[in-house]
Amino acid sequence: MHEDDERTPGAKNTRKPEIKDASALPQHLGRKLRSLFSDVEAQPVPDRLRELLEALAAKEKKPE
Amino acid sequence: MLAQIPTLRAFAFSLCGNFERADDLVQETLLKAWQHLDKFEEGTNLRAWLYTILRNSYFSELRKRRREVEDVDGKMTASLSVAPTQHGHVDMQDFQKALNLLPADQREALVLVGAAGMSYEEAAAIAQCAVGTIKSRVNRARTRLTQMLGMSEDDLPGSSAFDAGP
């Protein structure tokens, strides 16, 4: 198949529900991977991890 | 170290695909890091240091589980299938499933380079392997992922598809 269209300008930023051009899929996957990662990154720190750090810091004073 | 927790959770979750396990891994990482804080060289990359501790924990846990479940892994991989893509659209659940079916070392390489924004050199230092090994793992990972999600290798565009960095 032709790959000419894979880097259509602007294609990266348009959030279409589906991508018809098959050759666009790997980029689509790259975005999926990044959004999976950044979605988790954007979550608040769970209490148990925050409390763990606080407990460690309280036990012995070490730099953050 | 508190500031590093979100990125550690993202890395852990991308590796193991389960929030509870991810938080266990982060917890273990924080404890180990705290115990060995004297080994951390000031001025070097704290994130990379913590990532290294986390991935070592993950891989040693994986080795332990491997011994227990032995060849179940391979059978599971064969029986779990991922829905084929429709019109090139992949939903997040299918994507995650496919990611979790990748060999762990390939998944690690792909996540470090393709999501965490590490250079091949940084990723190699974290995974404790050669730069060329990281590159080939990333390539194999994206090929497999693309295949699993219903695309043939011929549909792959340039090798930069998963590269976040320069």
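Conventions used here
- Residues numbered from 1 in each chain as written.
- Chains lettered and ligands numbered in written order.
- Predicted model: local features only at pLDDT ≥ 70, side-chain atom pairs only at ≥ 80, totals over all residues.
- Helix = DSSP H or I, 4+ residues; strand = E, 2+ residues; numbered from the N terminus.
- Buried ≥ 20, exposed ≤ 12 C-beta atoms within 10 Å, placed from the backbone.
- Contact = placed C-beta atoms within 7 Å.
- Core = buried A, V, L, I, M, F, W, Y, C linked by C-beta atoms within 7 Å.
- Domains from an automatic or database assignment.
- Axes fitted to C-alpha atoms, helices over the stretch in contact; angles between N-to-C directions.
- Left-handed = near helix turned anticlockwise from the far one by under 90°.
- Expected span 1.5 Å × (residues − 1).
- Parallel < 35°, antiparallel > 145°, perpendicular 65-115°, else oblique.
- pLDDT = per-residue confidence, 0-100.
- Nonpolar A, V, L, I, M, F, W, Y, C, P; charged D, E, K, R; others polar.

### Things to note about the overall build of chain A
So, step 1. Check the secondary structure of chain A and you find 2 helices and 0 strands.
So, step 2. Counting only residues that meet the buried cut, chain A has 19% of its 64 residues in that class.

### A word on the overall build of chain B
So, step 1. Within chain B, the secondary structure is distributed over 8 helices and 0 strands.
So, step 2. Each helix and strand of chain B, placed in order from N terminus to C terminus, yields the pattern α-α-α-α-α-α-α-α.
So, step 3. Pairs at least 24 residues apart make up 61% of the contacts formed inside chain B by residues separated by at least 6 positions.

### Focus on the nonpolar core
So, step 1. Phe-11, Ala-12, Leu-54, Ala-109 and Ala-123 of chain B are the most contacted members of the largest nonpolar core, which totals 46 residues.
So, step 2. Elements with a contribution of two residues or more to this core: helix H1 (25-41) of chain A together with helix H1 (5-16), helix H2 (19-35), helix H3 (46-69), helix H5 (92-101), helix H6 (104-114), helix H7 (120-127) and helix H8 (131-148) of chain B.
So, step 3. In this structure, this core is formed jointly by two domains, domain 1 (1-70) and domain 2 (83-166) of chain B, each of which donates at least three residues.
So, step 4. Beyond its immediate stretch of four places on either side in the chain, Ala-12 of chain B contacts Ala-22, Leu-25, Val-26 and Leu-54 of chain B.

### Structural notes on the packing of H1 of chain B against H6 of chain B
Residues and elements named next belong to chain B.
So, step 1. Running from N to C, H1 and H6 cross one another at 145°; their axes reach a closest spacing of 9 Å. At the point where H1 passes H6, the crossing takes the right-handed sense. Packed against H1, whose contacting residues are Phe-11, Ser-14 and Leu-15, the element H6 presents Arg-107, Glu-108 and Val-111 at the interface.

### Here we look at helix H2 (residues 47-59) of chain A
Residues that lie three or four places apart on an α-helix share one face, since the helix turns once every 3.6 residues.
So, step 1. Here H2 of chain A contains 13 residues, and its C-alpha end-to-end distance of 18 Å stays within 8% of the 18 Å for a straight helix at 1.5 Å per residue.
So, step 2. Here H2 of chain A lies mainly on the outside; 0 of its 13 residues are buried.

### Comments concerning the packing of H2 of chain A against H2 of chain B
How two helices pack is summed up by the angle between their axes together with the distance between the axes.
So, step 1. Here H2 of chain A crosses H2 of chain B at 10°, and the two axes come no closer than 10 Å. Between H2 of chain A and H2 of chain B, the crossing angle belongs to the class labelled roughly parallel. The residues of H2 of chain B that touch H2 of chain A, namely those facing Arg-48, Leu-49, Leu-52, Leu-53 and Leu-56 of chain A, are Asp-23, Val-26, Gln-27, Leu-30 and Trp-34 of chain B.

### A closer look at the confidence of the model for chain B
Residue and element names in this part refer to chain B.
So, step 1. Mean pLDDT for chain B: 84, with 78% of residues reaching 70 or above.
So, step 2. Counting contacts from residues 152-161, a segment whose pLDDT is below 50, to residues more than four positions away or on other chains yields 21 contacts.
So, step 3. Overall fold confidence for the complex sits at a pTM of 0.77, while the interface term, ipTM, reaches 0.80.

### What to know about the domain arrangement of chain B
Residue and element names in this part refer to chain B.
So, step 1. Split by domain assignment, chain B resolves into domain 1 (1-70) and domain 2 (83-166).
So, step 2. Listed by partner, the interface residues are 10 residues for domain 1 and 12 residues for domain 2.
So, step 3. In terms of residues, the side of domain 1 that touches domain 2 owes the most to one element, H3, which gives 6 residues.
So, step 4. Among the residues forming the side of domain 1 that touches domain 2, the class breakdown is 6 nonpolar, 3 polar and 1 charged.

### A look at unusual backbone geometry
So, step 1. Positioned with a positive phi, Gln-128 of chain B is a non-glycine residue whose angle comes to about 55°.
So, step 2. Along the polypeptide, Gln-128 of chain B turns up in the loop between H7 and H8.

### Remarks on H1 of chain B
So, step 1. The terminal C-alpha atoms of H1 of chain B lie 16 Å apart, and with 12 residues this matches the ideal 16 Å at 1.5 Å per residue to within 8%.
So, step 2. Taking burial as the measure, the 12 residues of H1 of chain B include 9 buried ones, the bulk of the element.

### Some details on the environment of Arg-140 of chain B
All names here are of chain B.
So, step 1. With respect to the helices and strands, the residue Arg-140 is situated in helix H8.
So, step 2. Using a count of 16 C-beta atoms within 10 Å as the deciding quantity, one classes Arg-140 as partly exposed.
So, step 3. Residues Arg-140 and Leu-102 lie 38 residues apart in sequence; the distance between their C-alpha atoms is 9.4 Å.

### Looking at the confidence of the model for chain A
So, step 1. On average, residues of chain A score 72 in pLDDT, and 55% of them are at 70 or above.
So, step 2. Considering only residues more than four positions removed or in separate chains, one finds that residues 1-20 of chain A, a stretch of pLDDT under 50, has 24 contacts.

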